[in-house]
Amino acid sequence: MGRLHRCVKNGLNTLPFSTVPIQVAPWGQVMTQISGKLDGRKLGIIRAWTSSTLTTTSSVAGANTGVGGRSYRRRLLLTDVLIICLACVLPAAVAMGAVPDAGGGGRVLAQNLGLTNLAATPPHSLALAGIIIGGCWILSLRFFRTRAIGRIAVGMQEYKFLAYATVALAGAIGSLALVTDSTDLRIFVVLSLPVGLGALLIGRWGWRQWLAVQRARGFALSNVLIYGQAKDAPYVVRQISRKSGPAYRVVGVLLDGEPDIDAENKIRAADPTLPLIYDSGRIEEEVRRLGADALVVAGPLTGGNRAIQELGWRLETCATQLILVSSLTNVSGRRVRMSPVDGMPLLHVDLPAFTGWRYGLKRGMDVAFSAAVLLMLSPILLVIALVIRLDSPGKVFFKQERAGRDGTPFKMYKFRTMVEDAEAQLAILQLHNEGAGPLFKLKDDPRVTRVGSWLRRHSLDELPQFLNVLKGDMSVVGPRPPLRREVAEYEGHTYRRLYIKPGVTGLWQVSGRSNLDWEESVRLDLYYVENWTVLSDLRIVWRTFKVMIQPEGAY
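Draft legend 1. Structural context of the overall build of the protein chain. Within the protein chain, the regular secondary structure consists of 19 helices and twelve strands. Put simply, the protein chain has 555 residues, and 50% of those count as buried. Considering only intrachain contacts with a sequence separation of at least 6, the fraction spanning at least 24 residues in the protein chain is 76%. When the accessible surface of the protein chain is totalled, it reaches about 26,900 Å², and 61% of it is carbon and sulfur.

Draft legend 2. Region of the structure containing a positive patch on the surface. Together, Lys-160, Arg-242, Lys-243, Arg-334, Arg-539, Arg-543 and Lys-546 line one region of the surface with positive charge. Elements that contribute at least two residues to the positive patch include exactly helix H7 (233-243) and helix H19 (534-549). With three residues, the top contributor of residues to the positive patch is H19. Residue class for Arg-539 comes out partly exposed when judged on its relative accessible area of 32%.

Draft legend 3. Inspection of the nonpolar core at higher detail. In this structure, Ile-384, Phe-415, Phe-466 and Tyr-528 are the most contacted members of the largest nonpolar core, which totals 35 residues. Leaving out residues up to four positions away in the same chain, Ile-384 has contacts with Phe-415, Leu-455, Leu-460 and Leu-463. Within the second largest apolar cluster, 28 residues are counted, among which are Val-237, Ala-247, Leu-255 and Leu-276.

Draft legend 4. Structural view of a nonpolar patch on the surface. A contiguous nonpolar patch, built from Met-338, Leu-347 and Val-349 and spanning about 280 Å² of accessible area, is present on the exposed surface. If you trace the backbone, Val-349 turns up in strand S8 (residues 344-349).

Draft legend 5. Structural detail: the side chain of Asp-525. Secondary-structure assignment places Asp-525 in helix H18 (residues 518-531). Among the polar contacts made by the side chain of Asp-525, one reaches the main-chain amide nitrogen of Arg-480 at a distance of 3.4 Å. When residues no more than four places from it in sequence are discounted, the contact partners of Asp-525 are Pro-479, Arg-480, Arg-497 and Trp-508.

Draft legend 6. Expanded view of the pattern of salt bridges. A full pass over the atoms with the stated rule returns 20 salt bridges. Residue Glu-158 is joined to Arg-204 by a salt bridge in which the shortest nitrogen-to-oxygen separation is 2.8 Å. With Glu-158 in helix H5 (residues 157-180) and Arg-204 in helix H6 (residues 183-216), this residue pair connects regions lying 46 residues apart in the sequence. Judged by its relative accessible area of 0%, Glu-158 is buried. Residues participating in the shared-partner salt-bridge network are Asp-80, Arg-147, Glu-158, Arg-204 and Arg-208.

Draft legend 7. Spatial organisation of H18. Counted at 1.5 Å a residue, the expected span for H18 with its 14 residues is 20 Å, and the 20 Å between its end C-alpha atoms agrees. Within H18, 13 of the 14 residues are buried, leaving the element largely enclosed by the surrounding structure. Measuring from the side-chain oxygen of the N-cap residue of H18 to the backbone nitrogen of Glu-519 gives 3.3 Å; that N-cap residue is Asp-517.

Draft legend 8. The arrangement of the environment of Ile-308 in detail. Mapping Ile-308 onto the fold places it in helix H10 (residues 307-315). Residue class for Ile-308 comes out buried when judged on its relative accessible area of 15%. Separated by 16 residues in sequence, Ile-308 and Leu-324 have C-alpha atoms that sit 8.7 Å apart.

Draft legend 9. Spatial organisation of H7. Burial in H7 covers these residues: Ala-233, Pro-234, Tyr-235, Val-236, Val-237, Gln-239 and Ile-240. Elements that come into contact with the buried residues of H7 comprise strand S2 (222-228), strand S3 (248-255), helix H8 (261-270), strand S5 (294-297) and H18.

Draft legend 10. Inspection of the state of the cysteines at higher detail. Applying the stated criterion to the full structure yields zero disulfides. Cysteine Cys-136 shares no disulfide, and the gap to the nearest cysteine sulfur, in Cys-88, comes to 9.5 Å. By relative accessible area, Cys-136 is classed as partly exposed at 36%.

Draft legend 11. The confidence of the model for the protein chain, seen in detail. The predicted model of the protein chain averages 78 in pLDDT, with 80% of residues at 70 or higher. Every residue in residues 98-108 is under pLDDT 50, and counting partners more than four places away or in other chains gives 13 contacts.

Draft legend 12. The packing of helix H11 (residues 357-376) against H19, seen in detail. One can describe the packing of H11 onto H19 by two numbers: an axis separation of 11 Å at closest approach and a directional angle of 30°. One way to sum up the angle between H11 and H19 is to call them roughly parallel. Crossing geometry of H11 relative to H19 is assigned as right-handed. Mapping the contact onto sequence places Leu-361, Lys-362, Met-365 and Phe-369 in H11 and Val-534, Asp-537, Leu-538, Val-541 and Phe-545 in H19. Of the residues belonging to the contact of H11 with H19, the class tally is seven nonpolar, no polar and two charged.

Draft legend 13. The arrangement of the pairing of strand S10 (residues 409-415) in detail. In terms of residue burial, S10 counts as a mostly covered element, since five of its seven residues are buried. Pairing analysis gives seven bridges linking strand S9 (residues 397-403) to S10, with the strands arranged antiparallel. Its bridge partner lying in S10, Gln-400 is registered against Met-412. Here S9 folds back onto S10 in antiparallel fashion, the turn holding five residues, of which Asp-406 has a positive phi close to 60°.

Draft legend 14. Main features of the packing of aromatic side chains. Overall, the coordinates contain ten aromatic pairs when judged by the stated rule. When the centroid spacing of 5.1 Å and the interplanar angle of 80° are considered together, the rings of Phe-354 and Tyr-499 count as edge-to-face. Within this pair, whereas Phe-354 is found in the loop between S8 and H11, its partner Tyr-499 is found in the loop between helix H16 (484-487) and strand S12 (503-505), the two being separated by 145 residues in sequence. Residue Tyr-499 is classed as partly exposed on the basis of its relative accessible area, which comes to 32%. Relative to Tyr-495, the ring of Tyr-490 has its centre 5.6 Å away and its plane inclined at 80°; by these criteria the two rings are edge-to-face. Residue classification places Tyr-490 among the buried residues on the basis of a relative accessible area of 5%. For Tyr-495, a relative accessible area of 38% corresponds to the partly exposed category. Members of the aromatic cluster, each reached through a chain of ring pairs, are Tyr-72, Trp-207 and Trp-210.

Scoring rules and cut-offs
Residues numbered from 1 in each chain as written. Predicted model: local features only at pLDDT ≥ 70, side-chain atom pairs only at ≥ 80, totals over all residues. Heavy atoms only, no water. Helix = DSSP H or I, 4+ residues; strand = E, 2+ residues; numbered from the N terminus. Buried < 20%, exposed > 50% of the residue type's maximum accessible area, 1.4 Å probe, protein only. Contact = heavy atoms within 4.5 Å. Areas by Shrake-Rupley, 256 points an atom, 1.4 Å probe, with all protein chains shown as cover. Patch = residues over 30% accessible without salt bridge, like charges linked within 9 Å, V, L, I, M, F, W, Y side chains within 5 Å. Salt bridge = Lys/Arg side-chain N within 4 Å of Asp/Glu carboxyl O. Lys, Arg positive; Asp, Glu negative; His and termini not counted. Charge placed at Lys NZ, Arg CZ, Asp CG, Glu CD. Core = buried A, V, L, I, M, F, W, Y, C linked by side-chain atoms within 4.5 Å. Polar contact = N/O pair within 3.5 Å; in protein donor to acceptor, adjacent residues only side chain to side chain. Expected span 1.5 Å × (residues − 1). Disulfide = S-S within 2.5 Å. pLDDT = per-residue confidence, 0-100. Axes fitted to C-alpha atoms, helices over the stretch in contact; angles between N-to-C directions. Parallel < 35°, antiparallel > 145°, perpendicular 65-115°, else oblique. Left-handed = near helix turned anticlockwise from the far one by under 90°. Nonpolar A, V, L, I, M, F, W, Y, C, P; charged D, E, K, R; others polar. Pairing = 2+ DSSP bridges. Phe/Tyr/Trp six-rings, centres within 6.5 Å; stacked < 30°, edge-to-face > 60°.

Laid out in structure tokens, this is it:
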């Protein structure tokens, strides 16, 4: 679809919008395959469920005038250029400092970098090389599309492609330096590029923090209108609203097909302020009225296989981007490859693997990490044990049988946070269960001790589980370890949670824990089981530290 322009509406009073190029959202959580054709049913705006359901164009525009995709990308470009210029100046500065009469600071750095002949290199030669390399660096960032909408502001792809662009340039410069034996070039590889890459990553992270503040004020990089059947639209609305951060903001839902009260209620639960409209064939007008930069097709349409092509043609009148939500559900981007065959895109999906070298690496990381945690936190563990002992009668540790990989039972260790006869009281409290599905949870469980409440809130009661990790029963990151009675109630594909070892932490713990409903808890676990990577494990561990400090759903 290319770069968007401002959408101009003839005859209606609308405010201008910053419009941006958008790509398919890089999430594993996506919906159903696209097909269908537009029809000509009369447009009908359904009954309003709140006073703010039908948002005017002016109010939508006003909520997104402070930040736009094009403006934000210009800011990224200026920041990137400034960082690259400073990084490429470093070699000349070091060379000037490497001259004997210059004080010796640059000389020491040059010796540490293995560039003992740097003092003999004229600074103007390094400056000229820096200008050329800086230009190539900027072109490399553009070639790898590091500022593309759909890649910035959400997910890890922005950071990955910054690294790819810099590493590719480093490889090219390193090869040239090896062939020419040029000290001038080698200093850029060992100094400018590493320092510059670090600064670029920090710069992008800083802009994301700024965007998060703007998001709290109602701003987003792109306004999107969701279009699809009632069975598909609620999920896409919920995922984009909750997971896209400042990248996308849903401004309305356009339903294709017959009215569906259940779907309306689900959309209402996700965002009660969204305009909800049934399709009449005048999609272009709704796109203009709501100020949408892009139309997200959430699933199959009702009219035939040419619907998407015709829809793209119709959206050309207001230069609005078309985003198709794929049919793949809970599949990470690394497992998907696309190859076109005469205009027909084919998606190749790699099957999930549950054995192999990655699991050997995961086991090695588990042993090293858990041993380090137990060693470094041993004084804290002793203090916690002493406090538990003084707070209430009973043992310090609580052992409970859980289901491990392939359903194999094992004894899981935790610090005791309840009274000693907690299990005996469980049958009485079942009537007041607030947990989802087969889980038992009580927000104000009377069995929890004073110290136990604080330990559970900050997840400190789970630290002894690192002993289970050392024994090989658990992993540092994995699905939630279920009780045997919970496994007995599993239905359908829920058993796939048992394909790998359960974890001390996981997506369930950093995404809301007890606040999650059963379906979402299972979905997160299944997504992790099939799509985990070493990098995703490190991210989950980092997010776990954050939720331990600022707990959510822990009780």
